[in-house]
Amino acid sequence: MMRSILGISALTIIWVFCTPLSAQPRELANKVKLPREAIGAGETSEKARVHAVKNAHDQVVKLMMAHNIDNENLKIDEAYVEKHVLENDGRSGEDIQLENQDPLKQWVYNFRTDGAWWNEIVRQDRSVERSALMARIMTGLSILLLAGFGYIRLDEYTNRRFTTFLRVTGAILVGAAVAGWWMIR
Amino acid sequence: MQRLSSSAIAHDTRALNEEESIMKFTYRSGQQPLTGYTIKRGIGLGGFGEVYFAVTDGGKEVALKWIRANHDIEMRGVQQCLNIKHTNLVHLYDVREDKDGCHWLVMEYVAGEPLSTILSRHPNGVAPELAAQWFQGLAQAIHCLHEHGIVHRDLKPGNIFLENGLIKVGDYGLCKFIADSHHAGMTKDVGTVHYMAPEISTGNYNRQIDIYAAGILLYEMLTGHVPFEGESAGEILMKHLTAPPDLTKVPKEFKPVLEKALEKNPANRYQSITEMAKAVTAVINGNEQWRNAPAPALTPPPKQANPEIPMAIPVTPTMVFQQRWSDLTGTLLWSVMIAAVLAVGWTLFFGGGSYKNLTPLFFLTVAASWCVLIPNKLWLPSAQEESWTRRLLQMTLGFGVGVFALWLEGYEMPMPWTDNAELAVLKPWQANGVAPESWLKTIYPSENTSMPMLACFISYFGLMFLVLRWWKTTETNRSKRFSLLSVFAVGLWAYVLLFLLPNAHHRELGFVSLLLTGVVCQVSSPWKEKVVIRKKKMRLAVA
């Protein structure tokens, strides 16, 4: 037993240190065409900057939708985009001259080029998916545990006089629950 | 005038448990106090000495009893029983003397649980047919001793074991030839007060005291408690002498049997254990439901030469198994609920208004708790003490928790059978044209350039599971239901090892989940308060 455990432990350590060091977000930056810059316009530089951030956010959301990533769960907002997606503080662009009006200010933000922000969004989306999966698994396990616990306690309470009946009832209930879940699904 | 000292009498099971928790074993694993026998672990502390699980040089597992107190009584009893062989008796192999002149008894190692442990899990007793089956095994063992002219004198649940469905009677420390029992005018310390026949106080007794004790045991198996209880040994003894047993709680079919077995006058009791065993069998056969109870599917023990006593039906460990699973499932369910409450509470009060961490925190806490609870609940009760096997098993499970944490966080696990083409840029040896700084930046977490992410997680959780004695928080006989000190220890280690985790988010998740695990394991694990019996000197004088 001791040797088996030591062997398993050693193999685990070897697996960790010798496999590709790739337990990282799936690197999609190479495959996905990421936006490069976001431009905003406004009467003042501040308004132009805010507009640029909004445009950047829109682009990110559009990209997410294109990859079936639901922003309802992640709640990627403009503050997040400004902090994690955009490069530095941006820069002012050329003013836009309009007839009979004051020129509009432009603000240009570059997206970060390493793609890490996109990986992070993908990771977060995957994390939400896995949490949902775990919730289902945990619910199922809890029901099974509850059924097992109830069966054992009832069997004890009845001094094992109705063991077969309890087993059959338990199997029917679990079967019905599985069938119901299957039909709803 | 007979004087009965209660210092030995008071060695009932509860007192023994109390002693076990306080006393420490003299020898540790690996020591060889007796040539040829290597101690593996201590398994019991009794009034007469310490009992160890040991292995001979040849690899045979044995139990070693170091006889420290009442040496003469113990040795006398042992020598009478040394050559007795019976399926239902714990075999005594040899008596040895170590280099310091101390005596050691080499016995068969029984891996099963004592009946006291089993009964403690069944406060309302076990099923009548099961009690009857166990009684048959007990009766065979007593019959064998009586046939050899020996009275056990210390029959109690702590001396009866259930191994692979077979009853084994042990602890011959108080065994005594019947011929010696009639000597008057001697001071004798005999047996355990709850199972002590009334006539013991007179000093004039015979094998009938074992029949009386067997009656008490049958009563206890059927109801979950002994018929005579009291605040002190004296009170219990007085009840043995004067009070009739309350038989309203036992099944009515057993009442005549118990009435006769628990007669105050030994002459009115069953004259042999065989007679009593037959009466119990008749009770079971007379009830259709008990008689037709599903037969346990175990190999019957080898047939005894003496067919006088009906062969004990091998009992099934179903009850023990069921109880263990009942404990486990109940604990796991509790742990889920407690983890949910704690995770929500933490997020509300310390989460800074963000619920992002709630689900990973909950699932990670549940996973870590289950990795502590499941192995420790299924671990053999005879191996409660610390061992490296246990620690290494915990560490391996900690690795698993680390991997699970990483998976839950949305990271991809590199598996040989998956297409890792997209990960090519992350492999240094395949990263054509990528500058070292560039791939180093991608394969290592930005805030920690020492280890890859997977190694960070499994190191953190693996070490956390290795360094702490988590099983202590799940033991039923732990000193307190909830120990803040344990949680503090978990928190301290979880904080010390935080440097292994890459960034603030992971640090918070790792630290908090382990802290909550420390709470969940304690709160969800069953706990039994220890009963402290005052060991005051008491003398019962019987004219």
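Residues numbered from 1 in each chain as written. Chains lettered and ligands numbered in written order. Predicted model: local features only at pLDDT ≥ 70, side-chain atom pairs only at ≥ 80, totals over all residues. Heavy atoms only, no water.

### Digging into the overall build of chain B
Selection rule: Each helix is a run of H or I in the DSSP string that is no shorter than four residues. Each strand is a run of E no shorter than two, and both are numbered from the N terminus. Burial here depends on accessible area, computed with a 1.4 Å probe over protein chains only, as a share of the maximum for the residue type. Under 20% is buried, over 50% is exposed, and the range in between is partly exposed. The Shrake-Rupley method, run with a 1.4 Å probe, gives the accessible areas here. Residue values count only the displayed protein chains as cover.
When its secondary structure is counted, chain B shows 18 helices and 12 strands. Looking at chain B as a whole, 55% of its 543 residues are labelled buried. As displayed, chain B offers around 23800 Å² of accessible surface, 58% of which is attributable to carbon and sulfur atoms.

### Topic: the overall build of chain A
Note the cut-off: Throughout, a contact is declared for two residues whenever any of their heavy atoms are within 4.5 Å.
Scanning chain A from N- to C-terminus turns up six helices and three strands. The order of helices and strands in chain A, counted from the N terminus, is α-β-α-α-α-β-β-α-α. Taking all contacts inside chain A whose residues are at least 6 apart in sequence as the whole, residues at least 24 apart take part in 64%. Surface exposure of chain A reaches about 11800 Å², of which carbon and sulfur atoms provide 60%.

### Quick word on unusual backbone geometry
What is expected of a backbone is that most residues other than glycine have negative phi and most peptide bonds are trans. Phi at A:N68 is positive, roughly 55 degrees, even though this residue is not glycine. Tracing the backbone shows A:N68 in the loop between α2 (45–66) and α3 (71–74). Residue class for A:N68 comes out exposed when judged on its relative accessible area of 70%. Phi is positive for B:R153, which is not a glycine, with a value near 75 degrees. Mapping B:R153 onto the fold places it in the loop between β8 (150–151) and β9 (160–163).

### Some remarks on the pairing of strand β4 (residues 61–67) of chain B
Residue and element names in this part refer to chain B. Inclusion rule: Pairing between two strands requires that DSSP report at least two bridges joining them.
Of all seven residues that make up β4, six are buried, and the element is covered over most of its length. As defined by bridge partners, strand β3 (residues 49–56) adjoins β4 across seven bridges and the pair is classed as antiparallel. Within β4, the residue paired with Y52 across the bridge is L64. Taken together, β3 and the strand that follows it, β4, pair antiparallel across an intervening segment of four residues, in which G59 is found at a positive phi of about 100 degrees. In this structure, β4 lies alongside strand β6 (residues 103–108), joined through six bridges in antiparallel fashion.

### Here we look at the nonpolar core
Residue and element names in this part refer to chain B. Test applied: Here, nonpolar core refers to any group of buried Ala, Val, Leu, Ile, Met, Phe, Trp, Tyr and Cys residues whose side-chain atoms link them within 4.5 Å.
Of all hydrophobic cores here, the largest spans 74 residues; its most connected members are W134, F135, L138, L218, M221, F254 and M276. Among all residues touching M276, those that are not within four sequence positions of it are F135, I211, A214, G215, L218, V257, A261 and Y270. Of all hydrophobic cores here, the second largest spans 59 residues; its members include L454, C456, L498 and C521.

### Considering the confidence of the model for chain A
Counted only if it meets this: pLDDT runs from 0 to 100 and stands for how confident the predictor is about each residue.
In this model, chain A carries an average pLDDT of 80, and 84% of its residues clear a pLDDT of 70 or more. In the model, residues 20–30 of chain A has pLDDT below 50 throughout and makes 49 contacts with residues more than four positions away in sequence or in other chains.

### Some thoughts on the sheet that holds strand β3 (residues 105–110) of chain A
Residues and elements named next belong to chain A. Threshold: Simply put, an axis is a line fit to the C-alpha atoms, just over the touching stretch for a helix, and the angle between two N-to-C directions goes from 0 to 180 degrees.
If you walk across this open sheet you meet the three strands as β1-β3-β2, and the pairing is antiparallel. A strand with exactly one partner marks an edge of an open sheet, and here the two such strands are β1 (37–42) and β2 (91–92). This element, α2, spans β1 and β3 of the sheet and lies at about 140 degrees to β1.

### Some points on the side chain of B:S369
Examined against the element boundaries, B:S369 turns out to sit in helix α13 (residues 358–378). If near-sequence neighbours (up to four positions away) are discounted, B:S369 is found in contact with B:T517, B:V520 and B:C521.

### Here's the deal with the packing of helix α16 (residues 453–467) of chain B against helix α18 (residues 504–524) of chain B
All names here are of chain B. Cut-off, in case you're wondering: For classification purposes, an angle smaller than 35 degrees is called roughly parallel, one larger than 145 roughly antiparallel, one from 65 to 115 roughly perpendicular, and anything else oblique. Note on convention: near helix rotated counterclockwise from far helix by under a right angle means a left-handed crossing. Clockwise means right-handed. Classification convention: Asp, Glu, Lys, Arg as charged; Ala, Val, Leu, Ile, Met, Phe, Trp, Tyr, Cys, Pro as nonpolar; all other residues, Gly among them, as polar.
Where α16 contacts α18, the axes come no closer than 12 Å and their chain directions differ by 20 degrees. On the basis of the axis angle, α16 is roughly parallel to α18. For α16 against α18, the interelement crossing comes out right-handed. Where α16 approaches α18, its residues M453, F457, Y460, F461, M464 and F465 are matched on the opposing element by H506, G510, F511, S513 and L514. Its residues assigned to classes, the contact of α16 with α18 shows eight nonpolar, three polar and no charged.

### Points about the pattern of salt bridges
Selection criterion: Salt bridge, as used here, is a side-chain nitrogen of Lys or Arg placed within 4 Å of a carboxyl oxygen of Asp or Glu.
For the structure shown, the criterion picks out 13 salt bridges over all chains. The residue A:R123 makes a salt bridge to B:E409 at a minimum N-O spacing of 3.6 Å. Remark: B:E409 occurs in the loop between α14 (388–408) and α15 (436–443) and A:R123 occurs in helix α5 (residues 116–157); the pair is interchain, linking two chains. For the pair formed by A:R123 and B:E409, the shared burial category is buried. For B:E199, the salt bridge identified is with B:R269, shortest N-O distance 2.8 Å. Here B:R269 lies in the loop between α9 (255–261) and α10 (273–285) and B:E199 lies in the loop between α6 (178–181) and α7 (208–223), a separation of 70 residues in the sequence. The burial state of B:E199 is the same as that of B:R269; both residues are buried. Through salt bridges with shared partners, a single network forms among A:E46, A:R49 and A:E82.

### Concerning the confidence of the model for chain B
Residue and element names in this part refer to chain B. The share of residues in chain B with pLDDT of 70 or more is 71%, and the mean pLDDT across the chain is 74. Here residues 176–189 is a poorly scored stretch, pLDDT under 50, and it has 36 contacts once near neighbours within four places are set aside; other chains count. Confidence over residues 531–538 falls short of pLDDT 50; this stretch has 17 contacts with residues more than four positions distant or in other chains.

### Observations regarding helix α5 (residues 128–147) of chain B
Residues and elements named next belong to chain B. The criterion, for reference: Each residue after the first adds 1.5 Å to the expected span of a helix.
Compared with an ideal rise of 1.5 Å per residue, which puts 20 residues at 28 Å, α5 spans 28 Å between its outermost C-alpha atoms and is within 8% of the ideal. Counted residue by residue, α5 has 19 buried out of 20 residues, so it is predominantly covered. G149 sits one or two positions beyond α5 and adopts a positive phi of about 75 degrees.

### Regarding helix α17 (residues 484–496) of chain B
Residues and elements named next belong to chain B. The cut-off we apply is this: The reported arc concerns the directions from the helix axis to the C-beta atoms and nothing else.
With 13 residues, α17 should cover 18 Å at 1.5 Å per step; its first-to-last C-alpha distance of 18 Å lies within 8% of that length. Those residues of α17 that sit buried are V487, V490, G491 and A494. Axial view of α17: buried residues confined to an arc of 95 degrees, hence all on one face. In this structure, α17 carries L485 and F488 as exposed residues pointing more than 90 degrees from its buried face. In this fold, the buried residues of α17 make contact with α16 and α18.

### Quick look at empty space enclosed by the protein
All names here are of chain B. Convention followed: For cavity detection a 1 Å grid was placed over the protein atoms alone, and a set of points counts as a cavity when a 1.4 Å probe fits there but cannot get out; an open set counts as a pocket when protein lies on both sides within 12 Å along at least five of seven lines, with lining residues being those that have an atom within 4 Å of a point. Grid points are joined across faces, edges and corners, and a volume is the space filled by probe spheres set on the points.
Counted under the stated rule, the structure contains seven cavities of 30 Å³ or more. The volume enclosed by the largest cavity comes to roughly 70 Å³. R153, D154, Y195, I209 and A213 are the residues nearest the centre of the largest cavity, which is lined by 12 residues in total.

### Notes on the pairing of β1(A)
Side chains on a regular strand alternate between the two faces of the sheet. All names here are of chain A. With burial as the criterion, only one face of β1 is covered, namely that bearing A38, G40 and G42; the residues E37, I39 and A41 on the opposite face remain uncovered. As judged from the six bridges shared by β1 and β3, these two strands associate in the antiparallel manner. Residue pairing across strands places E37 opposite N110, the latter belonging to β3.

### As for the side chain of B:S525
All names here are of chain B. Following the sequence through the fold, S525 ends up in the loop between α18 and β12 (539–542). For S525, a relative accessible area of 0% puts it in the buried group. Residues within four places of S525 in sequence aside, it is in contact with T331, L373, K377, T473, T474, R478 and R481.

### Observations concerning the environment of B:W493
All names here are of chain B. With respect to the secondary-structure elements, W493 resides in helix α17. Sequence separation of W493 and L468 is 25 residues, and the distance between their C-alpha atoms is 8.3 Å. Those residues in contact with W493 that lie beyond four places of it in its chain are M464, V467 and L468.

### Section: the packing of α5(B) against α10(B)
Residues and elements named next belong to chain B. Relative orientation of the contacting elements α5 and α10 amounts to 165 degrees, with a least axis distance of 9 Å. Judged by the inter-axis angle, α5 sits roughly antiparallel to α10. Crossing geometry of α5 relative to α10 is assigned as left-handed. Mapping the contact onto sequence places P128, E129, A132, F135, Q136, A139, I142 and H143 in α5 and I273, T274, M276, A277, V280, T281 and I284 in α10.

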